[in-house]
Amino acid sequence: MKISALKLHPIAIADPPLRSSYGLHAPFALRTIVEIETDEGISGVAETYGGDAPLAALEAARAQVLGRDPFQLASLHQLMCGKDSGAGDSTQTWLVPGENPLDQNNRTFAAIEIACLDIIGKAVGKPVCDVLGGRVRDRVPFSAYLFYKHGGEDEYGEVLDAAAAVRECRQMIAQYGFQEIKLKGGVLPPDEEIATIQALRAEFGAKVPLRIDPNCAWSVATSVRVGQSLADELSDGGYLEDPCPGLEGMAEVRKRLLALGLETPLASNVAVTRFSDVPKARALDAVQIVLSDPHYWGGLRQVQSLAQVCEVLGMGLSMHSNSHLGVSLMAMTHVAAASPNLTFACDTHYPWQTAQDEVVEGGRVPFVNGAVVIQEKPGLGVTLDYDQVARGRERYAAIPLRKRDDEAEMRKHVDSEWKRVLPRW
Ligand code: GKR
Ligand code: MG
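Note that residues are indexed from 1 along each chain, following the sequence as it is written. By the order in which they are written, chains take letters starting at A while ligands take numbers starting at 1. In keeping with the model being predicted, local features are shown solely for residues with a pLDDT of at least 70 and side-chain atom pairs are shown and tallied solely at 80 or more, while totals for entire chains, interfaces and linings include all residues. Excluding hydrogens and water, the side-chain figures rest on all heavy atoms present in the structure.

**Notes on the coordination of the magnesium ion (ligand 2)**
Next up, step 1: The donor set covers N, O and S atoms within 2.8 Å of the metal, switching to 3.2 Å for Na, K and Ca, and it leaves out water, so a site may look short of donors. Coordination sphere of the magnesium ion (ligand 2), protein contribution only: Asp213 (OD), Glu241 (OE) and Asn269 (OD1), at 1.9 to 2.2 Å.
Next up, step 2: Within one chain, the residues donating to the magnesium ion (ligand 2) are spaced in sequence as D-x27-E-x27-N. On the criterion of sequence distance, the pair formed by Glu241 in strand 10 (residues 239-241) and Asn269 in the loop between strand 11 (266-268) and helix 9 (278-283) is long-range, its members being 28 residues apart.
Next up, step 3: Under the relative-accessibility criterion, Glu241 is labelled buried at 0%. Counting from the N terminus, the helices are DSSP H or I runs at least four residues long and the strands are E runs at least two residues long. Type-normalised accessible area, obtained with a 1.4 Å probe on protein chains alone, sets the label of each residue: buried when under 20%, exposed when over 50%, and partly exposed for intermediate values.

In structure tokens:
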């Protein structure tokens, strides 16, 4: 079997005015839908980051991909990514996820790999999770991913305090059935975010694990203070994610929390984004839970390798997400199903996207009690709805946005002086 065509569909999808330490989400998120065709008539699909840079990187890979056997993924990885030399510092916390130049090749390869795995699944008549070595679970739990936000066209309204966050969470859980909760922090002064987590605990009880992720908005001292204030709330399946910038900072937070007798685990998708970041994170005891993400770790097989590394090093494993549609959701679901030690509910932005923008035939991927259930369909189990892809492409062509810039959005709509300052508190 040979790859005969690579089709790239840049699309724009509606995104609500969500806040984070990066700033404010623009009204549109950018994605790229990748299609690979083969000379045997089987095609595969993937979804990845959008905008000019990811598109140009995929375009540049075209010559490496065409004519290759989609089953030969190890050699394609070698060709496109080479060896992770460990050069550079991943803790460039000013970067929006998906833009770290150090994992650029892995992001490009991932999109190709996922489409090839979809092809392989279809060729052998098996779901991707079974191609990956077989599933250890048929249903993959995701977490309710709460954001502070401004009022927009979505059903959640303005969420800028604890009471509104509880309402947002109630709404999301009623619709999707999530059983773990993540709060995107780094937006309000830390005491207000502490109050939000406490209110969530009071509302949903101790059986629902809680995590908070301020994307490096806090100093070491503030991180320790928040960790101390939320010692109960973030225990038992919860965690403190990227509280402050850099591995050294996180190591210091860990040390001080342990000295206070608090074992609250620290998680990261900012300071650890490549395999070469893991040894240092482990040696410093800076990170106890690594957030995987097939989109930038280099695809589904690399996430499985990461799972193994974490298992051996005694580190936990969770999964990160950015704004995405159903193709990405299914790629995340299949690898999570085939990763035994991925024991935390995965992050997903999916509730923030709308049915109007879904590019998957049949519409939105359903959640059952907070989980996506693996269907007995070959490959990723999704087929593109070409009318919807065309709609996304038209929208992309109609807007000037070509790169996520939450800081610019923040200045445009909320505060003309706003700058991303790390740590802010
Ligand atoms: O969408 O604003 C956002 C998030 O902050 C996202 O960009 C992060 O990558 O979800 C992410 C995270 O866990 O850090
Ligand atoms: Mg995070």
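**What to know about the site of ligand 1**
Next up, step 1: Residues are counted as near a molecule or strand when any one of their heavy atoms sits within 4 Å of it. Every one of the 17 residues lining ligand 1 counts as a neighbour, but His25, Pro97, Tyr145, His320 and His349 are closest to it.
Next up, step 2: For ligand 1, an oxygen atom lies 2.8 Å from a polar atom in the side chain of Asn215.
Next up, step 3: Between Asn269 and ligand 1, the recorded distance is 3.1 Å, taken from a side-chain N or O atom to an oxygen atom.
Next up, step 4: Within the complex, 100% of the 340 Å² of free accessible area of ligand 1 lies under protein. Polar contact is defined as a pair of N or O atoms within 3.5 Å, subject to the rule that within protein one atom must be able to donate a hydrogen and the other to accept it, and that residues adjacent in sequence are counted only when both atoms are side-chain atoms. All accessible-area figures derive from a Shrake-Rupley calculation using a 1.4 Å probe, and residue coverage is judged against the displayed protein chains alone.

**Overview of the pairing of strand 4 (residues 28-38)**
Two faces, one strand: in a regular strand the side chains alternate between the faces of the sheet.
Next up, step 1: Among the 11 residues that make up strand 4, 9 are buried, leaving the element largely enclosed by the rest of the structure.
Next up, step 2: As paired elements, strand 1 (residues 3-14) and strand 4 share 11 bridges and run antiparallel to each other. Across the sheet, Lys7 pairs through a bridge with Glu35, a residue of strand 4.
Next up, step 3: Any two strands between which DSSP finds at least two bridges are classified as paired. In this structure, strand 4 lies alongside strand 5 (residues 43-49), joined through 7 bridges in antiparallel fashion. Its bridge partner lying in strand 5, Ile33 is registered against Glu47.
Next up, step 4: The antiparallel hairpin formed by strand 4 and strand 5 contains 4 residues in its connecting segment, where Gly41 sits at a positive phi of about 85°.

**Side note on the sheet that holds strand 13 (residues 316-319)**
What holds strands together in a sheet is hydrogen bonding between their backbones, with the strands either parallel or antiparallel.
Next up, step 1: If you trace the 7 strands from one edge of the open sheet to the other, you get 7-8-9-10-11-12-13, paired in parallel fashion. The outermost strands of the open sheet, each flanked by one partner alone, are strand 7 (144-147) and strand 13. Each strand of the sheet is rotated relative to its neighbour by a mean of 25°, with strand direction disregarded.
Next up, step 2: Bridge count between strand 10 and strand 11: 2 bridges; the pairing is parallel. Looking at the pairing, Leu240 lines up with Leu266 of strand 11.
Next up, step 3: The contact criterion used is simple: two residues touch if any of their non-hydrogen atoms lie within 4.5 Å. Helix axes use the C-alpha atoms of the stretch in contact, all axes being lines fitted to C-alpha atoms, and the angles between their N-to-C directions lie in the range 0 to 180 degrees. Relative to the sheet, helix 5 (residues 162-176) contacts strand 7 and strand 8 (181-184), its axis offset from that of strand 7 by approximately 150°.
Next up, step 4: Running over the sheet, helix 8 (residues 247-259) touches strand 10 and strand 11 and is turned about 165° from strand 11.

Geometric values such as these leave the question of function open.
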